[in-house]
Each structure stands twice: as C-alpha cells, then as structure tokens.
Amino acid sequence: MAHVRSLFFDGPLAESENKAFRNAQLGRPSDIIWNITNRCNLLCDHCYMAADGHALPDQLSDEETIDLVKRMGEAGVPVVFLSGGEPMMRPNFWEILAEVNAQGVRPTISTNCTMIDEASAKRLAEYGVRWIATSMYGPAEFHDAMVGVPGTHARVVRAIKSLRAEGVGVVLKTALSVDTWPYIFDIIRMAKDLDCGMIYICDLITAGRSEGEDDSRVSVEQWRELADYIVQDMLDPEMKFEYDIGAIPSVIPYIAEQFIANGMDVSKGLERLKTISACPVGKGHMNINSEGGVMPCQFAQDWVVGNIREMSFAQATEACYQIDLRESEGQCAPENCEYSRICRGCRAKAWQRTGNAMAEDTTCILHPGEQRTIPVLRPESAHQSPGAPCAAPGGCG
C-alpha cells in the first residue's frame, strides 16, 4: 500500500501516515490488517483467499479477539484494518469494533458493503470509523458477475451514499486485470462522483481463485498509462483525491520520476520511503489471519512467521522486521536498481512465484522483463470515460 498524495504531499491520510511512520522508526507495529473471519457472502472470481461461507475450524474465539484488541492497544498499534472474508459476518464484529475504539486504535473496515444500510452506517460512524474500503470492478452487470451475486453493485452504491451521509470516508477498491482494465478510468470517475476520497488500485494477485492466472495481469504499458494519468490528475491544484497503489510497488518510484519531471519536490516522500518502502513487508506492517497466523503480507496467506496466540506483538514485529535485513535479489537487488530500498519489489509475488520472498519481482514496471510485457488489450466493448487517456479516437497514437 502506498498513498500517493499523503506520501509525497499533504493528503487525507497524512495523520495516519505520520503515526505509522513514527512507529516504524521505533521498531513497533506500523499497521495491522486483521482478517477477523474467512467467511464471505460473495464469491469473487479473483479472491486471493478463496473465501466462502465457511469459517476456518481454528479461528480465534470471541474472547481471543477481544483480548487481541486489548494487546494492540497496549502495543501502541496506530491503525487496524478489520477485514475478512466479509468482517461484518463475524457475530462479534460490533464488539470487536467497540473495543478497537476503546483502545484508541484507529479502525478502517474493509467490507463488500452488502451488509451496510442507513442504520449500520450511522453506527459505524458512532464507533469511530473514519474510513470504509469497498470493492468495485466495473458497471453493474460486469461487477455482479465478478462477485457472483446479482444486485451487489446497486447495494454497494446505496451503502456508499449512506456512509457519506454520516461523514464516513470511502475508499473504492479495485483489482486491476485484463478483465477490469476497460473500466478503470470509469471506476476512478465513479469514486469521485460518489464523493469517495480515495481509490485503491491493486495489481492482480494470482492466488486463491486466481491462482495460475498470471496472463490476466495487465502489461507494463498499461500500468504506466494509468500512472501517467494519476500524475496528471494530482497535478491539478483543485484536485484533492487520493490514490492508493497495492501489490506493484515499482509504480511509486515511477510516479516520483514523473512528478520530478514536472518540477515537483518529492524529497519528503522519497526520504520516508527509506523507512517504510513502497512494499511495506518487514517495515512494521503485518497481517493476522482469522486463526491468529502472523503474515508479513495479506496477499501471501501461506507465508506465516508464527501465531499471535503464542507471540507478543514485539516478537511478531521483530519476526517481520527480520525480513527487511535481507536484500532483494535479481533485478530488485541494490546493485541492479537504484530504487531497491525504497521500492523493494512485491515480496508476496516473489514468495508465490518461487517460495523465496527475496526473489526478484518480475512485474516491475521500471525494469520490465519479458514475462511481464504482454500486448495492450483494448476490447471493442471498452467503456472508458471520455477524459481517460487514449479514450478519444487517435489518442496516444
């Protein structure tokens, strides 16, 4: 995760970024993504967890979840992302959220929004939730087909409106793939039209239901086109919209280069990236699954360094920090890339591809390998918004 505006300039996540940054400097947990349940009421085609309606047999008990939140408070965890599966399917979701609030930990909820109505939106606001993150993949029919449940698109839009009416910020999330590429600029426009303050764009993770679908990732050229669009959008002094980039850290130094080329001072962000790199693995960031497993990254659910039932947060954080003592390899190594330490490459993809977390990231857009560069696909049915790059006839040659 890398919040572009908040990293390089002043954005809506600046306060949270500052807290996470200070904790990372002190060797403490900077943020935690906690999958409080593996259950989900949707069946998304690309789900990296392959979540369904079943809870895992050894998931943390209700008592253990509350104790874990208290331990987060004692450890000074600044931010926790309550995720799933669908977190609101966990029976004691509201009890967990109340304890998070009581411990002074800032909560963000990652939810598909199908269980949010006006009443629950109001309750979320009362429980101290400032941000909700929810997914969108394209127009209604396409989105509903992707998630496997008709009517989901309409329910998400209604929920977003209810949340914004209560002052809760919304992050619209999407996974960028060959299938969703035709709609990405429309999704950005939709986020702005619905008064979402941010969009999270994540490269496709080929695990879970999308395992083995590496050819479904978009090309280097497409990622660069999107990054160029983001840069131009953020150069507009009237635009305060935030972009968050996931699972493709090389986009961040690429964007920094474009800002520099446009005369912008990005020294603050580049200096921060030396402490918390664009891939946050080993920098205080950790994931805890529903069974208490501690993982350096949520996208690699089989990369477990211990169990929080048996580890203190200090021990869990140290186990993650140990990863950062190793250097990335191949094209991601310091001798081969000037951005090695501020980018690091996606460690989860390296783990999934080779079983070696420090192997090179073959999805790099700075130094693309043959296995990454695939033909730029622009289906005839592409429904891009008029303002999108290359959308106009003859655009981009």
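None of these values were measured; they are calculated from a predicted model.

About the criteria used
- Residues numbered from 1 in each chain as written.
- Predicted model: local features only at pLDDT ≥ 70, side-chain atom pairs only at ≥ 80, totals over all residues.
- Heavy atoms only, no water.
- Phe/Tyr/Trp six-rings, centres within 6.5 Å; stacked < 30°, edge-to-face > 60°.
- Helix = DSSP H or I, 4+ residues; strand = E, 2+ residues; numbered from the N terminus.
- Buried < 20%, exposed > 50% of the residue type's maximum accessible area, 1.4 Å probe, protein only.
- Lys NZ or Arg CZ within 6 Å of the ring centre and 35° of its normal.
- Salt bridge = Lys/Arg side-chain N within 4 Å of Asp/Glu carboxyl O.

Draft legend 1. Up close: the packing of aromatic side chains. Here the structure, examined in full by the defined rule, presents 11 aromatic pairs. Their ring planes at 70° and their centres at 5.9 Å tell us that phenylalanine 8 and phenylalanine 259 sit as a pair that is edge-to-face. A residue pair is termed long-range when its members are at least 10 positions apart, and phenylalanine 8 in helix α1 (residues 4-8) and phenylalanine 259 in helix α10 (residues 251-261) qualify at 251 residues. Judged by relative accessible area, which is 2%, phenylalanine 8 ranks as buried. With a relative accessible area of 0%, phenylalanine 259 lands in the buried category. Taken together, a centroid distance of 5.2 Å and an interplanar angle of 10° make the contact between tryptophan 303 and tryptophan 351 stacked. On the criterion of sequence distance, the pair formed by tryptophan 303 in the loop between β10 (293-295) and β11 (306-307) and tryptophan 351 in helix α14 (residues 347-354) is long-range, its members being 48 residues apart. Among the aromatic residues, ring-to-ring pairing joins Phe8, Phe9 and Phe259 into one connected group. Sitting over the face of the ring of phenylalanine 241, lysine 192 holds its NZ or CZ atom 5.5 Å from the ring centroid.

Draft legend 2. How the structure looks around the pattern of salt bridges. By the definition in use, this model includes 15 salt bridges. In this structure, lysine 274 engages glutamate 271 in a salt bridge whose closest nitrogen and oxygen atoms are separated by 3.3 Å. Judged by its relative accessible area of 54%, lysine 274 falls in the exposed class. Accessibility expressed as a relative area gives 46% for glutamate 271, which makes it partly exposed. Two residues, glutamate 327 and arginine 344, come together in a salt bridge whose shortest N-O distance is 3.7 Å. Here arginine 344 lies in the loop between α13 (340-343) and α14 and glutamate 327 lies in the loop between α12 (313-324) and α13, a separation of 17 residues in the sequence. Given the relative accessible area of 38%, glutamate 327 is considered partly exposed. Arginine 344 gets classed as buried once you look at its relative accessible area, which sits at 3%. Each of Lys283, Asp324, Glu327, Arg341 and Arg344 takes part in a single network of salt bridges with overlapping partners.

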